[in-house]
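Examining the three-dimensional arrangement
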Amino acid sequence: MRKRENMDNILLTTRDFSFYYGPVQALKAVTLDIEKFRITALIGPSGCGKSTFLRSLNRMNDIIPGARVEGKVMLEGMDIYGKDVDVVDLRRRVSMVFQKSNPFPKSIFDNVAYGLRIQGEKNRSVLIQRVEESLKDAALWDEVKDRLDQSAMDLSGGQQQRLCIARALAVRPEILLMDEPASALDPIATQKVEELLFQLKKDYTIVIVTHNMQQAARVSDDTAFFYMGELVEFGQTQQVFTDPKLKRTEDYITGRFG
Amino acid sequence: MKIKRRMIEEKAGFGLLRAAAFLIIGVILFLLFDIFSKGSGVLSWEFVSQKPAKGMTAGGIWPAIVGTFWVSLITVLFAVPVGMAAAVYLNEYARQGRLVRIVRLAIRNLSGVPSIVYGLFGFGFFVLSMNLGLSVLSAGLTLGLLTLPWTITASEEALKTVPRSYREGALALGATPWQTIRTNVLPYAVPGMLTGAILGLARAAGETAPILFTGVAFFWPMLPAFPKVLFSQFMALPYHLFIMSTQHHEIAKVRPLAYGTAAVLIALIVLMNFIAVFIRYRFRKKFKRV
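Anyway, here's the lowdown on the structure attached to this text. Everything quoted here is computed from the prediction, not taken from an experiment.

So, on to the overall build of chain B. Scanning chain B for helices and strands turns up twelve helices and two strands. For chain B, the succession of helices and strands along the chain, N to C, is α-α-β-β-α-α-α-α-α-α-α-α-α-α. Judged by the C-alpha coordinates and their principal axes, chain B covers about 75 × 70 × 35 Å. Taken across its 290 residues, chain B has 44% of its residues classed as buried. Across chain B, every contact between residues at least 6 apart in sequence was considered, and the portion connecting residues at least 24 apart equals 73%. Summing over all exposed atoms, chain B offers an accessible surface of approximately 16,000 Å²; the carbon and sulfur share of this is 71%. Measuring between centres, the 29 positive side-chain charges of chain B sit 5 Å from its 10 negative side-chain charges.

Now the structure itself:
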């Protein structure tokens with residue numbers, strides 16, 4: 001655990017957080033802090049628990065039958081697994097973009113406006129404004145501004161993923177969780193998403209799962225290395241990649257296993 | 001010599017398989033040909049638009065068509081919403097445990113219950129206990145129960161075709177489970193649900209046993225207007241066919257009328273099936289793009 005100089009910058013913390021799929025323990029007492037306006041990369045071999053960890057941060061795992069948690073996840077001091085927590089409200093603050101882009105079979109506009117509409121926003125001009133802002137934030141506006149009423153299914157893969165990012169941004173979350181958002185994209189589309197992350201960092205806190213070591217090194221400020229459900233090493237990305245404290249971390253990032 | 005034998009074996013084997021597959025087409029073609037050739041003599045606009053006359057030895061079958069329509073309407077209004085709701089609960093909300101397994105077992109068993117048993121149940125429950133009398137309502141609800149297992153199963157299948165990512169995507173944006181289902185699951189499942197409902201209805205519209213004890217009449221040429229029609233006895237195509245071919249005092253004389261009735265009934269059911277196929281086709285096309 002890295003010592004934080006300034007606790008005020010910490011937005012999300014986990015304390016001895018464990019996760020079980022029925023009898024199988026997928027996460028073992030994970031403790032880490034996520035700082036505001038930084039990009040935290042979660043890396044590790046398949047099945048190491050990084051995606052489970054990510055999905056625990058906005059309780060997307062609740063849907064899975066037999067799921068159980070121990071320990072705490074605190075969002076600005078609030079235990080998100082506490083009894084009084086409104087999951088719907090939590091997911092508005094901690095939004096998620098999935099590995100495979102999942103636009104809804106609706107128009108581009110309706111996709112981006114979805115989150116606002118379910119919150120009850122009916123004012124057309126508010127919706128129009130927010131859709132435009134979100135698409136601009138997701139660097140997609142120029143490509144789609146003339147065809148907002150066309151189906152989102154007709155966009156290219158990279159555009160679809162940026163649309164999903166725009167859709168998540170439209171609800172103005174504090175944290176953006178991304179589960180391998182570029183793994184299904186070609187290098188050019190990947191580059192666009194990565195550039196986008198740099199822009200978004202100014203306003204959002206981002207946690208990203210990635211299998212791509214170069215990507216983690218390029219885009220993230222902090223890196224957490226997971227192995228077999230445990231958080232092995234966590235620190236500033238530069239330190240983790242150039243001077244890892246543990247041999248196992250070094251072996252993984254240099255490609256000796258995993 | 002050996003090669004020849006192998007080829008003969010091969011041909012004989014595939015020939016049998018092919019025959020089995022074509023048998024079904026043969027049966028339906030024979031059935032349609034038989035019915036339409038024997039009934040075509042009476043098929044006319046008058047036949048479908050007029051009341052039976054002269055002790056049902058002449059005239060048409062209009063009241064039976066109207067009766068079947070009203071009963072089917074009640075069946076749909078009951079079975080579709082209940083079937084959809086049950087499917088949504090089973091597929092989207094219920095924790096997949098013992099209770100759900102029992103419910104599914106019950107649904108499977110219900111679909112195997114003979115239709116005459118539904119008729120008896122409808123008589124005891126709707127006609128007597130609920131005091132609905134022999135009526136369109138009692139018969140429609142009884143047929144509704146009969147189609148419920150089909151409606152539920154078809155609706156569940158339709159819900160399963162909606163990708164999980166639609167649900168997750170909506171939930172991750174802060175939608176409640178009900179908002180997710182209403183805005184991002186049901187709209188894509190409804191065509192499939194309707195397809196199942198129409199197929200179930202097509203089955204129900206041809207049933208005789210369930211309406212036998214619950215409201216169908218031998219001769220009831222004048223149906224009152226809505227809403228009184230709901231509490232009236234009625235004529236129906238399948239039952240009309242049944243009496244024309246077994247209960248009439250001059251069976252030989254009315255045989256063509258019976259065939260004509262059968263032709264109209266089959267035409268209606270085939271039409272319903274076509275509508276179902278059409279909806280499913282459009283539905284599939286829409287999903288291909290996803």
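Time to look at a nonpolar patch on the surface. Residue and element names in this part refer to chain B. A grouping of Phe22, Ile24, Ile25, Ile28 and Leu29 is seen on the molecular surface, where their side chains present a nonpolar patch of about 520 Å² in accessible area. By the element assignment, Ile25 lies in helix α1 (residues 2-39). Since its relative accessible area comes to 40%, Ile25 is described here as partly exposed.

Let us now look at the interface of chain A and chain B. When the parts of a complex come together, some accessible area is lost, and that lost area is often taken as the interface size. Contacts between the two partners involve 25 residues from chain A and, on the opposite side, 20 residues from chain B. Counting the surface lost from both chain A and chain B, the interface buries some 1,900 Å², and carbon and sulfur atoms represent 58% of this. Broken down residue by residue, the surface that chain A buries against chain B is led by Pro105, Tyr114 and Ile118 of chain A, which jointly contribute 26%. The interface formed by chain A and chain B includes one salt bridge. Between Arg55 of chain A and Glu168 of chain B there is a salt bridge whose closest N-O contact spans 2.7 Å. Here chain A and chain B share nine residue pairs in polar contact (both at pLDDT 80 or more) between them. Elements represented by at least two residues in the side of chain A that touches chain B include exactly α2 (87-93), β6 (94-97), α3 (108-118) and α6 (157-169) of chain A. Here the residues of the side of chain A that touches chain B sort into 14 nonpolar, five polar and six charged.

Quick look at the nonpolar core now. Ranked by internal contacts, the top residues of the largest apolar core, which has 51 residues, are Leu135, Ile165 and Ile206 of chain A. Take this core: its biggest share by element is seven residues, from α3 of chain A. In this structure, Leu135 of chain A is in contact with Ile108, Val112, Leu140, Trp141, Val144, Leu148, Leu163 and Ala166 of chain A, ignoring residues within four places of it in sequence. Listed in part, the 45 residues of the second largest apolar core include Val71, Leu145, Leu148 and Ala204 of chain B.

Scoring rules and cut-offs
- Residues numbered from 1 in each chain as written.
- Chains lettered and ligands numbered in written order.
- Predicted model: local features only at pLDDT ≥ 70, side-chain atom pairs only at ≥ 80, totals over all residues.
- Heavy atoms only, no water.
- Helix = DSSP H or I, 4+ residues; strand = E, 2+ residues; numbered from the N terminus.
- Buried < 20%, exposed > 50% of the residue type's maximum accessible area, 1.4 Å probe, protein only.
- Contact = heavy atoms within 4.5 Å.
- Areas by Shrake-Rupley, 256 points an atom, 1.4 Å probe, with all protein chains shown as cover.
- Lys, Arg positive; Asp, Glu negative; His and termini not counted.
- Charge placed at Lys NZ, Arg CZ, Asp CG, Glu CD.
- Patch = residues over 30% accessible without salt bridge, like charges linked within 9 Å, V, L, I, M, F, W, Y side chains within 5 Å.
- Salt bridge = Lys/Arg side-chain N within 4 Å of Asp/Glu carboxyl O.
- Buried area = accessible area lost by both parts, 1.4 Å probe.
- Polar contact = N/O pair within 3.5 Å; in protein donor to acceptor, adjacent residues only side chain to side chain.
- Nonpolar A, V, L, I, M, F, W, Y, C, P; charged D, E, K, R; others polar.
- Core = buried A, V, L, I, M, F, W, Y, C linked by side-chain atoms within 4.5 Å.

Bear in mind that shape data such as this cannot, by itself, settle questions of function.
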